Amino acid sequence: MAKQRMLQFVNVDRDMPEKRPPNLRAQDFGEIYAEYATAKAEEQAGRCSQCGVPYCQSHCPLHNNIPDWLRMTAEGRLQEAYEISQATNTFPEICGRICPQDRLCEGSCVIEQSGHGTVTIGAVEKYITDTAWENGWVKPAAPKVERPESVGIIGAGPGGLAAADMLRRQGVQVTVYDRYDRAGGLLTYGIPGFKLEKDVVMKRVDQLEQGGVTFKMNCNVGEDVSFAELQNTHDAILIATGVYKSRDLPAPGVGAQGIVRAIDFLTASNRKSFGDAVPEFDSGELNAEGKRVVVIGGGDTAMDCLRTSIRQGATSVKCLYRRDKANMPGSQREVANAEEEGVEFVWLSAPKGFAGDTVEGVMVSKMRLGAPDASGRQSPEIIEGADYVEDADLVIMALGFEPEALPTLWDVPELEVTRWGTVKADFRTHETSLKGVYACGDIQRGASLVVWAIRDGREAAEAIMDQINAAAQVAAE
């Protein structure tokens, strides 16, 4: 019934109210939609087979108890469903929106594997937590006892925020340091608002502040405060900076005007949505409106740039990727969304240079897939004599991210890093080569998913609490 009422409303010509049925007023749409959403969530949750081996749970980095909160949702017990969801996931409303469920929980669903279509786990998770916020079930940290120990967290992204939440609930004094003016990291400035509404992120930040977490924004460690000062101030340090250094493409003409980094393009767009003054956007430098856009890359960041360009009013949007569709690293669901919105994917195509002082085109080499490399993935090979130029007014480089040289930036040469430049840390305790200093998220594991950063942050918080409790016990003796 709810679905029928909603479709009836949507199909009515809203400019001709006299044709609208008397029981369907414009102000009723929100109520009708909520009724439909509830029915849809219960329907999808009820499709869960409650299988004996929950592959959805085992393929979730957080090992969320998905079958149980699906059962609770199907039975209309939404507050209990939320409490189960929140027990293992600090930010379920964020994961429900941006996790690549197609290659995690939903892709492993037994119903999906049997050919009947997956349970839409992500959508149900989003619905549960949105309902929890609306009903006031989401509460800030309220520790029973305040502790004197303090932890400094460098980075206000998902890993750092997850750790902050866990530590505050234990009564630890937490200060988060971040170079940006708003907390959230890539949740705030890297992921487009059409995938993750910014008020969703800001609500969580506000909740952490209400729970006693202190945020020191516009604070660049190594410049505004030294790492040594933080070590002297806090009982433990958690490095959760993420990886922000964009990979370069060494090719002729790469410095031409109109060739921009993905992080700059996405940050400008997100800042504009906050109402900030963004001169580079207003001038057109980081704005796709009216331009022929070419995005180079095949990951989720590339998909974000493509879909943002469409929304900004680009005249054409193309994605160059050196392998084929089956070998793209990004979510296949995101690729499908981009295609539906009008993006053209140019497979087996690699840039070899750029034309024009102000970019006019990308010089492209056509590729074929050759023998597999050491990992089993087929290596692309250039097809000789098949080069061409792809016209472009704006080229966005979405080639991935690398870690910054933290030991140099922070003057901490004893902080060990891997050969990839990530901070070397134990993958169980997350402790680094420096006693009392921990690392989590992308700065430890390399560019990865938000859900992995959340898991790492929670694990690091547990290890920090073990250290704090052990120190307190020794002091008591």
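Above this note sits the structure.
This one's a predicted model, so the numbers in the text were calculated from it and none came from an experiment.

Regarding the overall build of the protein chain
Across its full length, the protein chain carries 19 helices and 16 strands. The globule rule puts the C-alpha radius of gyration for 477 residues at 23 Å, and the 24 Å found for the protein chain is close to it. If you line up the protein chain on its principal axes, its C-alpha atoms span 75 × 65 × 50 Å. The burial tally for the protein chain puts 51% of its 477 residues in the buried class. Of the roughly 21900 Å² of accessible surface on the protein chain, 49% is carried by carbon and sulfur atoms. The centroid of the 50 positive side-chain charges in the protein chain is displaced by 3 Å from the centroid of its 69 negative side-chain charges.

Quick notes on the sheet that holds strand E2 (residues 173-177)
By definition, the strands of a sheet pair up through backbone hydrogen bonds, in either a parallel or an antiparallel sense. The strand order E3-E2-E1-E4-E16 describes an open sheet built from 5 strands, whose pairing is parallel. Each edge of the sheet is formed by a strand with only one pairing partner; in this case those strands are strand E3 (214-216) and strand E16 (437-439). Direction aside, neighbouring strands of the sheet carry axes that sit 20° apart on average. Note that strand E1 (residues 150-154) and E2 share 5 bridges and pair parallel. Directly across from Ser150, in E2, lies its bridge partner Gln173. Strand contacts of helix H19 (residues 450-476): E1, strand E4 (236-239) and E16, with the helix running at about 170° to E4, the strand carrying the most contacts.

Structural notes on the packing of aromatic side chains
Applying the stated criterion across every chain yields a total of 5 aromatic pairs. Ring geometry for Phe227 versus Trp410: centroids 5.4 Å apart, planes at 10°, classification stacked. Taken together, the residues Phe227 in helix H12 (residues 227-233) and Trp410 in the loop between helix H17 (406-409) and E16 connect sequence positions 183 residues apart. For the pair Phe227 and Trp410, one class covers both residues: buried. Judged by centre distance (5.0 Å) and plane angle (10°), the rings of Phe345 and Trp347 are stacked. Of the residues examined, Phe345 reaches a relative accessible area of 10% and is grouped as buried. An aromatic cluster of at least three residues, connected via ring pairs, comprises Tyr180, Tyr189, Tyr244 and Phe274. A cation sits over an aromatic face here: Arg179 above Tyr244, 5.9 Å from the ring centre. Note that Arg311 overlies the ring of Phe194, its terminal NZ or CZ placed 3.8 Å from the centroid.

Some points on the packing of helix H4 (residues 66-74) against helix H8 (residues 121-134)
The interhelical angle for the contact between H4 and H8, taken along N-to-C directions, is 65°, at an axis separation of 11 Å. Of the two possible hands of crossing, H4 and H8 adopt the one that is left-handed. Of H8, the residues touching H4 (which contributes Ile66, Trp69, Leu70 and Thr73) are Ile121, Val124, Glu125 and Ile128. Here the residues of the contact of H4 with H8 sort into 6 nonpolar, 1 polar and 1 charged.

Topic: the nonpolar core
In terms of nonpolar packing, the biggest core is built from 64 residues, with Leu70, Ile153, Leu167 and Phe215 touching the most fellow members. Tallying contributions element by element places H19 first for this core, with 9 residues. Setting aside residues up to four positions removed in sequence, Ile153 forms contacts with Gly160, Ala163, Ala164, Leu167, Val174, Thr175, Val176, Tyr177, Leu238 and Ala240. In terms of nonpolar packing, the next biggest core, distinct from the first, is built from 27 residues, Val278, Ala288, Val293 and Leu394 among them.

Re the pairing of strand E10 (residues 349-355)
As a general feature of sheets, a regular strand has side chains that alternate between the two faces. Burial runs high along E10: 5 of the 7 residues are buried. Two strands pair when backbone bridges link them, and E10 and strand E11 (residues 361-372) are joined in this way by 6 bridges, in the antiparallel orientation. Looking at the pairing, Ala350 lines up with Ser365 of E11. Once E10 ends, the chain turns through 5 residues before running back antiparallel as E11, passing Gly356 with a positive phi of about 95°.

So, how was this worked out
- Starting from 1, residues in each chain are numbered consecutively following that chain's sequence as written.
- This being a predicted model, a pLDDT of at least 70 is required before a residue's local features are given, and a value of 80 or more before pairs of side-chain atoms are given or counted; all residues contribute to the totals for chains, interfaces and linings.
- Just so you know, side-chain values use all the structure's heavy atoms and leave hydrogens and water out.
- Working definition: helices are DSSP H or I runs of at least four residues, strands are E runs of at least two. Numbering for both runs from the N terminus.
- The globule rule used for comparison is 2.2 Å times the number of residues to the exponent 0.38, while the radius of gyration itself is calculated over C-alpha atoms.
- Note on exposure labels: buried denotes an accessible area under 20% of the residue type's maximum, exposed denotes more than 50%, and partly exposed covers the range between, all computed with a 1.4 Å probe on protein chains only.
- Residue burial considers only the protein chains on display, and all accessible areas are found by Shrake-Rupley using a 1.4 Å probe.
- Only four residue types enter the tally: Lys and Arg on the positive side, Asp and Glu on the negative side; His and the chain ends are excluded.
- For the purpose of locating charges, the reference atoms are NZ of Lys, CZ of Arg, CG of Asp and CD of Glu.
- For two strands to be treated as a pair, DSSP must find no fewer than two bridges joining them.
- Only the contacting stretch of a helix is used when fitting its axis, a line to C-alpha atoms as for every element, and angles between N-to-C directions run 0 to 180 degrees.
- The contact criterion used is simple: two residues touch if any of their non-hydrogen atoms lie within 4.5 Å.
- Side-chain rings of Phe, Tyr and Trp, where Trp is taken by its six-membered ring, are said to pair if the distance between their centres is within 6.5 Å; with planes under 30 degrees apart they count as stacked, over 60 as edge-to-face, and otherwise as tilted.
- The criterion is that NZ of a Lys, or CZ of an Arg, lies within 6 Å of the ring centre and within 35 degrees of the ring normal, and then a charge sits over that ring.
- Note on convention: near helix rotated counterclockwise from far helix by under a right angle means a left-handed crossing. Clockwise means right-handed.
- In this classification, Asp, Glu, Lys and Arg are treated as charged, Ala, Val, Leu, Ile, Met, Phe, Trp, Tyr, Cys and Pro as nonpolar, and every other residue, Gly included, as polar.
- To qualify as a nonpolar core, a set must consist of buried Ala, Val, Leu, Ile, Met, Phe, Trp, Tyr and Cys residues joined through side-chain atoms within 4.5 Å.

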